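Structural overview
These are the residues of each chain, in order.
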Amino acid sequence: MTTRVDPLQYLAADLDALREQGLYRQLRVLDDEQKAHTRFDGRSVVNLSSNNYLGLTTHPKLRQRAIEATEQLGVGSGSVRTIAGTMAIHLELERRLAEFKQTEAVVVFQSGFTANAGTVASILSKEDVVISDELNHASIIDGSRLSRATIKVFPHKDVDAARRILRDLPAGQRKLLITDGVFSMDGDLGPLPVLCDLAEEYGAIMMVDDAHASGVFGRNGRGTVDHFGMHGRVDVQVGTLSKAVGALGGYVAGSRALIEFLYHRARPFLFSTSHPPAVAAACLAAIDVLLEEPEIINRLWKNTRFFKKGLVDLGFDTGISESPITPVIVGDGALAMTLSDRLFADGVFAQGIAFPTVARDRARVRTIVTATHTREDLQFALDVFGRAGRSLGII
Ligand SMILES: Cc1ncc(COP(=O)(O)O)c(C=O)c1O
């Protein structure tokens, strides 16, 4: 019998290279609930790594509604939306989200990733052009590639460069101008007002990925379109239900025609099973919380201001963040991982992020505060950051 040579051997070699560069990561394991102070890998830590901006992962109203939905409707939907998997609760969630976002209609996807990728890939084809910020999320990049449209990337937030690309396209060219509302690694905002002007001037479809703005920016967390007063000027708004909303999912808000088109053509909608009823129920409860308990969002912003100022006062480079995402930029990838490990050993979980997620010389530890961190949690984290930063010569 011939011995079989493992055809996946090259993957092990790639992993070895990551180890040599100090970039190999073990997944941290959460031993408790996803909350501000919790246990990862058996250690009690202040958690600065989740996207659980409002603490809704453990909010009693969401928990209760999810339990009730499971008891009444079971644990799974059993089918894709277009065959037998559209439950009344899915439609109720879409109705409530459309009302919340002040758009004609909404379609919910399994995740923000599939909402972005499925939408861009289905509304464009190979004759079309995508004009995309260089730091847009991976799901936008993948959706653009799947669409087979020509992809033109402009430097981060460089609206003049975006204008030049638009100006040079032939009249009548179908084109999509797309930006993140909040950029996930730097925490800065997309220049929506200028991009909306450009989209109108050059007849482009305007699309915003508001994953990190959903529940965080705008009135009651309606997102950056609301924050900038751009209602009616953004054709395609993507939001997520997986971050501040505390459960799972993504959605597209827009015109009735857009949503009906996505019902017929967006491949994750057509070819992947819909959410369990508990997920839809938790998201419905989250909308109620956003509307009825806006003080949670105020607490998020108070904590954000306190923590950001603390990091800057310590002397860290926090980049250009305008949101609860605050990077601590150290440059070298291995140094970012060492800083993250030191913090963890001292009771603070802030994930190190290096190439290819960010540029090679922009490695960082990314922090995200939540509404549910106490002042003591944040002061403790600042003290630990200060000690680790000094011992590594970062500050
Ligand atoms: C900017 C951005 N868009 C989209 C997504 C995807 O959202 P989800 O986690 O719901 O798939 C993320 C999350 O990682 C994100 O940061």
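Up top is the structure these notes are about.
Cut-offs used in this document
- Numbering of residues begins from 1 in every chain and follows the order in which that chain's sequence is written.
- With pLDDT at 70 or above as the cut-off, local features in this predicted model cover only qualifying residues; side-chain atom pairs require 80 or more to be listed or tallied, and sums for whole chains, interfaces and linings still use all residues.
- To obtain the side-chain values, all non-hydrogen atoms of the structure were included, while hydrogens and water were left out.
- Secondary structure elements are taken from DSSP: a helix is a run of H or I of four residues or more, a strand is a run of E of two residues or more, and numbering for both begins at the N terminus.
- Here the radius of gyration uses the C-alpha set of atoms, whereas the globule reference equals 2.2 Å times the residue count to the power 0.38.
- Only protein chains enter the accessibility calculation, which uses a 1.4 Å probe; a residue is then buried when its area is under 20% of its type maximum, exposed when over 50%, and partly exposed in between.
- The contact rule is simple, with two residues in contact once any of their heavy atoms fall within 4.5 Å.
- To be clear on the numbers: accessible area is Shrake-Rupley with a 1.4 Å probe, and residue cover counts the displayed protein chains and nothing else.
- Under the counting rule used here, the positive set is Lys and Arg, the negative set is Asp and Glu, and His together with the chain ends is not counted.
- Where a charge lies is defined by one atom per residue type: Lys uses NZ, Arg uses CZ, Asp uses CG and Glu uses CD.
- The criterion is simple. A nonpolar core is a set of buried Ala, Val, Leu, Ile, Met, Phe, Trp, Tyr and Cys residues joined through side-chain atoms within 4.5 Å.
- Strands are labelled as partners when DSSP assigns at least two bridges between them.
- Two joining distances apply to patches: 9 Å for like charges and 5 Å for nonpolar side chains (Val, Leu, Ile, Met, Phe, Trp, Tyr), and every residue must have over 30% relative accessible area and no salt bridge.
- Salt bridges are identified by distance alone: a Lys or Arg side-chain nitrogen within 4 Å of an Asp or Glu carboxyl oxygen.
- Summary of the distance rule: residues count as near a molecule or strand when at least one heavy atom falls within 4 Å of that molecule or strand.
- Polar contact is defined as a pair of N or O atoms within 3.5 Å, subject to the rule that within protein one atom must be able to donate a hydrogen and the other to accept it, and that residues adjacent in sequence are counted only when both atoms are side-chain atoms.
- Ten residue types, Ala, Val, Leu, Ile, Met, Phe, Trp, Tyr, Cys and Pro, are classed as nonpolar, four, Asp, Glu, Lys and Arg, as charged, and the remainder, Gly among them, as polar.
- Under the convention used throughout, the expected extent of a helix is 1.5 Å for every residue step, that is, one less than its residue count.

**Concerning the overall build of the protein**
Along the backbone of the protein there are 14 helices and 13 strands. Against the compact-globule benchmark of 21 Å for 395 residues, the protein has a radius of gyration of 22 Å, which places it among compact chains. Projected onto its principal axes, the C-alpha coordinates of the protein cover approximately 65 × 55 × 55 Å. Counting every position in the protein, which comprises 395 residues, the buried fraction comes to 54%. Considering only contacts within the protein whose residues lie at least 6 apart along the sequence, 71% involve residues at least 24 apart. With an accessible surface of roughly 17600 Å², the protein has 53% of that area assigned to carbon and sulfur atoms. Looking at the protein, you have 44 positive and 47 negative side-chain charges, and the mean spots of the two groups are 0 Å apart.

**What to know about the nonpolar core**
Where a protein is soluble and globular, its nonpolar side chains tend to be buried together. Of all hydrophobic cores here, the largest spans 67 residues; its most connected members are Leu48, Leu54, Leu93, Phe307, Leu343 and Phe385. Here this core gets 12 residues from one element, more than from any other, and that element is helix α11 (residues 277-292). Once residues lying within four places of it in the same chain are set aside, the contact partners of Leu93 are Val108, Leu241, Ala280, Cys283, Leu284 and Ile287.

**Quick notes on the environment of Ala162**
When you line up the elements, Ala162 lands in helix α6 (residues 159-168). Taking the relative accessible area as the measure of exposure, Ala162 reaches 0% and is therefore buried. As for Ala162 and Gly215, which are separated by 53 residues in sequence, their C-alpha atoms are 28 Å apart.

**Regarding the sheet that holds strand β1 (residues 37-40)**
Taken in spatial order, the three strands make up an open sheet running β1-β2-β11, and their pairing is mixed. Pairing within the sheet leaves two strands with one partner each, and these edge strands are β1 and β11 (348-349). Note that β1 and strand β2 (residues 43-47) share four bridges and pair antiparallel. Paired with His37 across the bridge in β2 is Val46.

**Examining a nonpolar patch on the surface**
Together, Leu8, Tyr10 and Leu11 make up a nonpolar patch on the protein surface, roughly 310 Å² of accessible area in all. One can find Tyr10 in helix α1 (residues 9-20).

**Considerations on the site of the ligand**
Around the ligand, the surrounding shell holds 15 residues, and the nearest of these are Gly112, Asp209, Thr240, Ser242 and Lys243. For the ligand, an oxygen atom lies 2.8 Å from a polar atom in the backbone of Gly112. With respect to the ligand, the side chain of Ser242 contributes an N or O atom lying 2.6 Å from an oxygen atom. If the ligand stood free it would expose 390 Å²; the protein chains cover 83% of that surface. Residue contributions to the shell around the ligand peak at three residues, all from helix α4 (residues 112-123). Split into classes, the residues belonging to the shell around the ligand amount to two nonpolar, 10 polar and three charged.

**Things to note about a positive patch on the surface**
Judged by side-chain charge, Arg299, Lys302, Arg305 and Arg375 come together as a positively charged surface patch. Inspection of the secondary structure assignment puts Arg305 in helix α12 (residues 295-314). Residue classification places Arg305 among the exposed positions, given a relative accessible area of 52%.

**Some thoughts on the pairing of strand β8 (residues 236-240)**
Counting buried positions along β8 gives five out of five residues, so the element sits mostly inside the fold. Residues Val236, Val238 and Thr240 point to one face of β8 and Gln237 and Gly239 to the other, with burial holding for every one of them. Both β8 and strand β9 (residues 250-254) contribute to a ladder of five bridges, which runs antiparallel. Considered in β9, the bridge of Val236 is made with Gly254.

**Things to note about helix α13 (residues 333-345)**
Helix length check: α13 (13 residues) gives 19 Å between terminal C-alpha atoms against 18 Å at 1.5 Å per residue, within 8%. Between a side-chain oxygen at the N-terminus of α13 and the backbone nitrogen of Ala334 the separation is 3.3 Å; the capping residue is Asp332. Gly347 lies just past α13 and shows a positive phi near 100°.

**Details of the side chain of Ser132**
The residue Ser132 is located in strand β4 (residues 129-133) in this model. Of note is the side chain of Ser132, whose polar atom sits 2.9 Å from the side chain of Asn136. Leave out the neighbours within four places in its chain, and Ser132 touches Ile140, Lys152, Val153, Phe154 and Ile178.

None of the figures reported here should be taken as evidence of function without further support.
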